[in-house]
Amino acid sequence: TELTIDTYITERNYNNDEDEGRDGTLISGTVVLSQFYLEKDLGLQAGVGYSSFDADVDAFGYDLPEVFVGGTYNAWQGGTLYSRLGYRQYDFDENFEVLVDLGFQSDREDDEWRFLAGFRHEIDTEFLNGWVVQGEYVYTDNDSDVDVFDYDRSQISLGISRDF
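Anyway, here's the lowdown on the structure attached to this text. Because the structure is predicted, anything quoted here is derived from the model rather than measured.

Cut-off values and rules
- Residues numbered from 1 in each chain as written.
- Predicted model: local features only at pLDDT ≥ 70, side-chain atom pairs only at ≥ 80, totals over all residues.
- Heavy atoms only, no water.
- Pairing = 2+ DSSP bridges.
- Helix = DSSP H or I, 4+ residues; strand = E, 2+ residues; numbered from the N terminus.
- Axes fitted to C-alpha atoms, helices over the stretch in contact; angles between N-to-C directions.
- Buried < 20%, exposed > 50% of the residue type's maximum accessible area, 1.4 Å probe, protein only.
- Salt bridge = Lys/Arg side-chain N within 4 Å of Asp/Glu carboxyl O.
- 1 Å grid on protein atoms, 1.4 Å probe; cavity = no way out; pocket = protein on both sides within 12 Å on 5 of 7 lines; lining within 4 Å.
- Points joined across faces, edges and corners; volume = space filled by probe spheres on them.
- Nonpolar A, V, L, I, M, F, W, Y, C, P; charged D, E, K, R; others polar.

**Things to note about the sheet that holds strand S7 (residues 131-144)**
Taken in spatial order, the eight strands of this open sheet run S1-S2-S3-S4-S5-S6-S7-S8, and their pairing is antiparallel. Each edge of the open sheet carries a strand with a single partner, namely strand S1 (2-12) and strand S8 (151-162). The average angle at which neighbouring strand axes cross in this sheet is 15°, direction not considered. Sheet topology note: the strand S2 (residues 24-37)/strand S3 (residues 42-55) ladder contains 14 bridges and is antiparallel. Residue pairing across strands places Ile27 opposite Ser52, the latter belonging to S3.

**A word on the environment of Ile5**
As for its placement among the helices and strands, Ile5 is situated in strand S1. Between the C-alpha atom of Ile5 and that of Gln77, which follows or precedes it by 72 residues, the distance is 29 Å.

**Observations regarding the environment of Asp107**
Looking at the element boundaries, Asp107 is found in the loop between helix H1 (97-101) and strand S6 (109-122). Residue Asp107 is classed as partly exposed on the basis of its relative accessible area of 39%. Sequence spacing of Asp107 and Phe92 is 15 residues, and the spatial spacing of their C-alpha atoms is 6.5 Å.

**Examining the pattern of salt bridges**
Where charged atoms from two side chains of opposite charge approach closely, those side chains can pair. For the structure on display, the rule yields six salt bridges. Arg114 is the salt-bridge partner of Glu112, the closest N and O atoms lying 3.6 Å from each other. The class of Glu112 is buried, set by a relative accessible area of 3%. Linked by salt bridges that have partners in common, Glu66, Arg88, Glu112 and Arg114 make up one network.

**Observations concerning the layout of surface pockets**
In this structure, the largest pocket spans a volume of roughly 430 Å³. For the largest pocket, the lining is made up of 22 residues, of which Glu66, Phe68, Arg84, Arg88 and Arg114 are closest to its centre. When residues of the lining of the largest pocket are traced back to their parent elements, those giving at least two are S1, S2, strand S4 (62-76), strand S5 (79-92) and S6. Ranked by residue count, the leading element in the lining of the largest pocket is S5, at six residues. Taken together, the residues of the lining of the largest pocket sort by class into eleven nonpolar, four polar and seven charged. Considering only enclosed or pocket space, the second largest pocket measures out at about 250 Å³ in volume. What lines the second largest pocket is a set of twelve residues, among which Arg12, Arg22, Phe60, Tyr62 and Phe92 lie closest to the centre. Class assignment of the residues belonging to the lining of the second largest pocket gives a composition of nine nonpolar, no polar and three charged.

Given below as structure tokens:
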């Protein structure tokens, strides 16, 4: 059994004039409980988190509670499969002025569901020893009370890396 507590503070400062209102401070924290089985080949986890972004322009600022469940499985020598299902609720501090002008009176809230599935393989050959190949598929369904912010997105990534 493993308990992980993660927190961070990020200061965001954009260089472009049109993004000036996006400057601000993000404070985030997450608590994750993991349980391992089958001699640590199978791991299950559940977590909760909370983030708050205080942007210079309130329409970019938000509070964000989240919950998620996931798992990992050491499926072959050097290879791991993993997945995660998460839910986030973005509660924006204020609507954009243009949205208020268009008749949107309530503050914007988005419900985001995200599913991730991936693999990681550590290469164990004389030439590429220490290199890691990783691939992921991420599906996001964002449902906003302001229609222009509704979207579904699929992302696929494949990469190779090495730590030194």
